[in-house]
Each structure stands twice: as C-alpha cells, then as structure tokens.
Amino acid sequence: MNFHAFNRAIVRTPSRSVVEGLRAVDFGAPSYDGVIAEHRDYVRVLESLGVSVETLPALEAFPDSVFVEDTALVFTGAAILLRPGAATRRGEAAEMAATLNRNFARMLHLEDGTAEGGDVLTTPRGVFIGASARTSVAGATALVALLAQIGQQGFVVNTPRGVLHLKSDCSLLDDETILCTSCLAAAEPFPGFRLILTPPGEEGAANALRIGDSVLLSKGYPKTAEVLARASYNVKPLATAEIAKIDAGLSCMSLRWRA
Ligand code: CIR
C-alpha cells in the first residue's frame, strides 16, 4: 500500500479564538485573518492533489480546535478517538465523534491516559507513538492495544523533551524514508528507515506532509527544500508563519486517510 495515497480529509475552520491558542513560548498571537488564509491555502492544496475535504464548523470554545489531527487516528475503515493531554483541548475529541462515526465502519475509543495525534507517526512498518507531555505512557500503551485490534502494530518511543509532539520533529516522506531533526534521530527511534535530517536551524521544517506525489513543506526552510528536491521529492511550499506562533505545522490541520 502507498501510505500517502490519501483521498479523504477532515479539517475544521479556525475559530476567532485561535488567537488564544496554546503556545510554549509567547512570540505574540497569530492574526485570525492570517490563520484563515493559511488554512484556506492548505485546503486548496489538498483538493488540488485529489483529496476530498470535509470542512467542519469553527468551535469558539476551543481555540486549538483547528488542529484536528490531535483528536483521532484514522485508517481505511477504522478510527480511534483519542484523549488530548492538554486540558483546554480534551473536549475537542467529543466534538469529532459524530463525524468519525459517519465516515468509519469501525470506531474505537482511547479510555486510559492521554494521547494526541501529533505524537503518532503511521508508517508501513508500524505506528510510532511518542510519549510526551501530551501523550502519557498509559495512553500510549492503551493505544498500542487498540491498534492491535485493527491489525496495526504500535511502538512506544520518546518525543524529545521540550518538543511538543513526535511529529513536530519528523514526517514520513515515503515508505522507507523519514524526514527527521537531528535531535530526534539521535535516539534512533525508527530502525530500518532511511533518515533525511533537517539542516541545522531548520528543525521547524520536519513537520512536512506527503500527499500523493507531493511533499508539503512550510515556507522559509530553503535548505530543507533543496535537500528534498535533490532527493527527487516534489516539494510544495506552504505558508505556516501564523500557525507556527501557536506551535503548529502542516500535519496538524487535517485527519487524512484513503477511503
Ligand atoms: C497545541 O499546543 O496543542 C496547539 N497550539 C498546537 C497543536 C499542533 N498539533 C499538531 O501538530 N498535531
């Protein structure tokens, strides 16, 4: 199976409250109009790549609810509803339940600990779950058991300390290759994979998103773009400067699967 042949996605319109989104370090609030523009361009690119996108309405009560990736894991035919670790985000999962029920024949629920989708990297060799400040060891362990029920093998690894999510520092480029920061690579969490490292100073580029034959990459990382182009990836730069102010990147704005 080609792990990037997504043809369906769920996104959520950013709420006006997105300007109050969680951030580890406050470099200033993102502008609402700026986030809307980045989200609109993101959806357009997904659609241009043949993905059918369902857009859910904004949720003002949840400033970070545009980052739907953290609420669930989705696979062909099955979804797992997660339990976000951030207290202000916990209710986002329940808001996603009805949509998942409509789209997936099988639905499982994480009942123990916490886990956010940003900590989960799905690959052809298994599903890597990063224990982090948001994904507890109990949540990650319970997730491994749920994954087994839908025929997926889960592995618990560590998200580097001080990094929000595992996928803040990595992304799957193809069935054998992961784009990864040096910091994450040092722990050797992905045995058997070829790693392409983000050049020093461009760690923020690691949260890329492969869709079909394209790799969506945050704008402003020219060295990473060059490394990927030289390795024959078809790079599509997308603006993420506003969502980056609230610690977000490209994977977080959608749930993606092949129907
Ligand atoms: C948060 O701290 O939860 C949000 N401000 C950013 C979430 C980004 N999610 C992701 O990359 N999966």
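Cut-off values and rules
Residues numbered from 1 in each chain as written. Predicted model: local features only at pLDDT ≥ 70, side-chain atom pairs only at ≥ 80, totals over all residues. Heavy atoms only, no water. Helix = DSSP H or I, 4+ residues; strand = E, 2+ residues; numbered from the N terminus. Buried < 20%, exposed > 50% of the residue type's maximum accessible area, 1.4 Å probe, protein only. Contact = heavy atoms within 4.5 Å. Areas by Shrake-Rupley, 256 points an atom, 1.4 Å probe, with all protein chains shown as cover. Lys, Arg positive; Asp, Glu negative; His and termini not counted. Charge placed at Lys NZ, Arg CZ, Asp CG, Glu CD. Pairing = 2+ DSSP bridges. Axes fitted to C-alpha atoms, helices over the stretch in contact; angles between N-to-C directions. Near = heavy atom within 4 Å. Polar contact = N/O pair within 3.5 Å; in protein donor to acceptor, adjacent residues only side chain to side chain. Nonpolar A, V, L, I, M, F, W, Y, C, P; charged D, E, K, R; others polar.

**Q** Can you explain the overall build of the protein chain? Please cite residues and give values.
**A** Scanning the protein chain from N- to C-terminus turns up six helices and 15 strands. Seen through its C-alpha atoms, the protein chain measures out along the principal axes to roughly 40 × 40 × 35 Å. The proportion of buried residues among the 259 residues of the protein chain is 55%. A separation of at least 24 residues holds for 68% of the contacts in the protein chain among residues at least 6 apart in sequence. Put simply, the protein chain shows about 10,800 Å² of open surface, and 53% of that area lies on carbon and sulfur atoms. Considering the protein chain, the positive charge centre built from 24 side chains and the negative charge centre built from 28 side chains are found 3 Å apart.

**Q** Give me the lowdown on the environment of Lys219, citing residues and values where you can.
**A** With respect to the secondary-structure elements, Lys219 resides in the loop between strand 13 (214-218) and helix 5 (222-230). Since its relative accessible area comes to 52%, Lys219 is described here as exposed. In this structure, the C-alpha to C-alpha distance between Lys219 and Leu238, residues 19 residues apart in sequence, is 5.3 Å.

**Q** Can you lay out the sheet that holds strand 12 (residues 209-211) for me, pointing to particular residues and giving the numbers?
**A** Strand order in the open sheet made by the three strands is 12-13-14, with mixed pairing throughout. Two strands in the sheet have a free side with no partner beyond their single neighbour: strand 12 and strand 14 (234-238). The average undirected angle you get between the axes of adjacent strands in this sheet is 30 degrees. For strand 13 and strand 14, the ladder comprises five bridges, and the chain directions are parallel. Considered in strand 14, the bridge of Ser218 is made with Leu238.

**Q** How would you sum up the site of the ligand? Please name residues and give values.
**A** Near the ligand there are 13 residues, and of these Leu22, Asp64, Glu69, Asp70 and Ile246 occur at the shortest range. In the model, a nitrogen atom of the ligand is placed 2.8 Å from a nitrogen or oxygen of the Glu69 side chain. Looking at side-chain class alone, the shell around the ligand contains five nonpolar, two polar and six charged residues.

**Q** Any chance you could break down the environment of Gly118 for me, citing the residues and the numbers?
**A** Looking at where Gly118 falls in the secondary structure, it is placed in the loop between strand 5 (106-109) and strand 6 (120-123). In this structure the C-alpha to C-alpha distance between Gly118 and Thr198, which are 80 residues apart in sequence, comes to 18 Å.

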